[in-house]
Amino acid sequence: MTIECLSSNKVFGGWHKQYSHQASTVNCAMRFAIFLPPQASSNNKVPVLYWLSGLTCTDENVMQKSGIQRIASELGIAIVAPDTSPRGDNVADDEGYDLGQGAGFYLNSTQAPWNKHYQMYDYIVDELPALIEATFPVTAKRAIAGHSMGGHGALTIALKNPDNYCSVSAFSPISNPINCPWGEKAFSAYLGDDKDTWREHDASELMRYVKQFVPARVDQGEADNFLKEQLKPETLQASAEQSGYPLELNLHEGYDHSYYFISSFIEAHLRFHQQHLAN
């Protein structure tokens, strides 16, 4: 598989690089970023944390705003940040920020015109990790994390693929998308009217009945403008209590939905993942 390096910057002793490649699952060119810590070499492969970003974001948000490279460099963890959706002139889009390009929701669309390109679940679960592990000095040990829509994606993907990930974490995730405006709009477009299929991509629904546990941490700001209407962490907590899931849910007074919040607690998340990647 051919990939093209778009940029390369040294940071905290490691390398942040952007790449483009033709992705078969989503039928278009996709961009991703990777941070390789200084420990990574052909003789010393390192584990990977996959970071899924939120609505309107790209691979650049977490790499430029969170300070994630500093602690990843210390811990010897590679960071991979894919884009949030397929993109291009021939890719279906919508005038709203919460549907279409920039808003893939990390699922496989079944409805036209979205189903031609919007197969983000397969891209994140299968195609991208296969490319990363074949190209870079990394192991098959994976963790996954994300923010908002990406927090939804990280949780649902880990819950549906517990053998693939050592741990999962999320900042301000859309915890119950089948019962919030963002999720209802996206799921109606991408998956159609059958709400039984929606539940397969809802972390609160999945966590209620899951039998195999992936260690999970969620952090939520209590001053988040989207907290009550869109995010609903209380539904995730209730599901964890019902199934006995080992969910660590942390609420933080005064913090909002922004990368100021993420940058304040990104070190705690990486250290959480390191504990499980090391085992």
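Residues numbered from 1 in each chain as written. Predicted model: local features only at pLDDT ≥ 70, side-chain atom pairs only at ≥ 80, totals over all residues. Heavy atoms only, no water.

1. Structural notes on the sheet that holds strand β9 (residues 247–252)
No. 1: Spatial strand order, β1-β2-β3-β5-β4-β6-β7-β8-β9: nine strands in an open sheet with mixed pairing. Sheet topology places β1 (3–11) and β9 at the edges, where each strand pairs with a single neighbour. Direction aside, the axes of adjacent strands within the sheet are offset by 20° on average.
No. 2: Where strand β2 (residues 14–23) and strand β3 (residues 28–36) come together, nine bridges link them in antiparallel fashion. Considered in β3, the bridge of Trp15 is made with Leu36.
No. 3: Contacting β1, β2, β3, β4 (46–52), β5 (78–82) and β6 (138–147), helix α3 (residues 120–135) runs over the sheet at an angle of about 140° to β6.
No. 4: Strand contacts of helix α4 (residues 149–160): β4, β6, β7 (168–171) and β8 (216–221), with the helix running at about 135° to β6, the strand carrying the most contacts. (Pairing = 2+ DSSP bridges. Helix = DSSP H or I, 4+ residues; strand = E, 2+ residues; numbered from the N terminus. Axes fitted to C-alpha atoms, helices over the stretch in contact; angles between N-to-C directions. Contact = heavy atoms within 4.5 Å.)

2. A word on the pattern of salt bridges
No. 1: Summed over all chains, the structure comprises 14 salt bridges.
No. 2: Between Arg217 and Glu248 there is a salt bridge, with its nearest N and O atoms 3.7 Å apart. Within this pair, whereas Arg217 is found in strand β8, its partner Glu248 is found in strand β9, the two being separated by 31 residues in sequence.
No. 3: Judged by relative accessible area, Arg217 falls into the buried class, the value being 11%.
No. 4: By relative accessible area, which is 33% here, Glu248 ends up partly exposed.
No. 5: Through salt bridges with shared partners, a single ionic network connects Arg70, Glu74, Glu267 and Arg271. (Salt bridge = Lys/Arg side-chain N within 4 Å of Asp/Glu carboxyl O. Buried < 20%, exposed > 50% of the residue type's maximum accessible area, 1.4 Å probe, protein only.)

3. Things to note about the nonpolar core
The tendency in soluble globular proteins is for nonpolar side chains to be buried as a group.
No. 1: In terms of nonpolar packing, the biggest core is built from 67 residues, with Phe105 and Ile144 touching the most fellow members.
No. 2: A per-element tally of this core places α3 first, with eight residues.
No. 3: Sequence-distant contacts of Ile144, defined by excluding residues within four places in its chain, comprise Leu49, Tyr50, Leu52, Ile124, Ala154, Ile157, Ala158, Tyr165, Ser167, Val168, Ser169 and His273.
No. 4: Counting residues in hydrophobic clusters, the runner-up holds 23 residues, among them Val62, Leu75, Phe265 and Ile266. (Core = buried A, V, L, I, M, F, W, Y, C linked by side-chain atoms within 4.5 Å.)

4. Some remarks on the packing of aromatic side chains
No. 1: Per the stated rule, a full pass over the model turns up 15 aromatic pairs.
No. 2: Measuring from centroid to centroid gives 6.4 Å for Phe32 and Phe136, while their planes differ by 85°, and the two rings are edge-to-face. Of this pair, Phe32 sits in strand β3 while Phe136 is found in the loop between α3 and β6, placing the two residues 104 residues apart along the sequence. Of the two residues examined, Phe32 and Phe136, each falls in the buried class.
No. 3: Ring geometry for Trp51 and Phe171: centres 6.0 Å apart, planes at 50°, overall tilted. Separated by 120 residues along the polypeptide, Trp51 in strand β4 and Phe171 in strand β7 bring together distant segments of the chain.
No. 4: On the basis of relative accessibility, which here comes to 1%, the residue Trp51 falls in the buried class. (Phe/Tyr/Trp six-rings, centres within 6.5 Å; stacked < 30°, edge-to-face > 60°.)

5. Quick look at the packing of helix α2 (residues 68–75) against helix α10 (residues 259–277)
No. 1: Where α2 meets α10, the axes come as close as 9 Å, and the angle between the chain directions of the two elements is 30°. Viewed along their axes, α2 and α10 adopt a mutual orientation that is roughly parallel. Helix-helix and strand crossings are classified by hand; for α2 and α10 the assignment is right-handed. Contacts between α2 and α10 involve Ile68, Arg70, Ile71, Ala72, Glu74 and Leu75 from the first element and Ile266, Glu267, Leu270, Arg271 and Gln274 from the second. (Parallel < 35°, antiparallel > 145°, perpendicular 65-115°, else oblique. Left-handed = near helix turned anticlockwise from the far one by under 90°.)

6. Structural notes on the state of the cysteines
No. 1: Inspection of the entire model under this criterion finds zero disulfides.
No. 2: Of all cysteine sulfurs in the structure, the one in Cys180 sits closest to Cys57, which takes part in no disulfide; the separation is 16 Å.
No. 3: A residue is classified by how much of its surface remains accessible, and Cys180, at 0% relative accessible area, is buried. (Disulfide = S-S within 2.5 Å.)

7. A few points about unusual backbone geometry
No. 1: Ala112 connects to Pro113 through a cis peptide bond whose omega is -5°.
No. 2: The residue Pro113 is located in the loop between β5 and α3 in this model.
No. 3: The backbone of Asn27 sits at a positive phi, close to 60°, despite the residue not being glycine.
No. 4: Its place among the elements puts Asn27 in the loop between β2 and β3.
No. 5: With a phi angle near 55°, Lys232 is a residue other than glycine that sits in the positive phi range.
No. 6: On the secondary structure map, Lys232 appears in the loop between α8 (227–231) and α9 (233–243).

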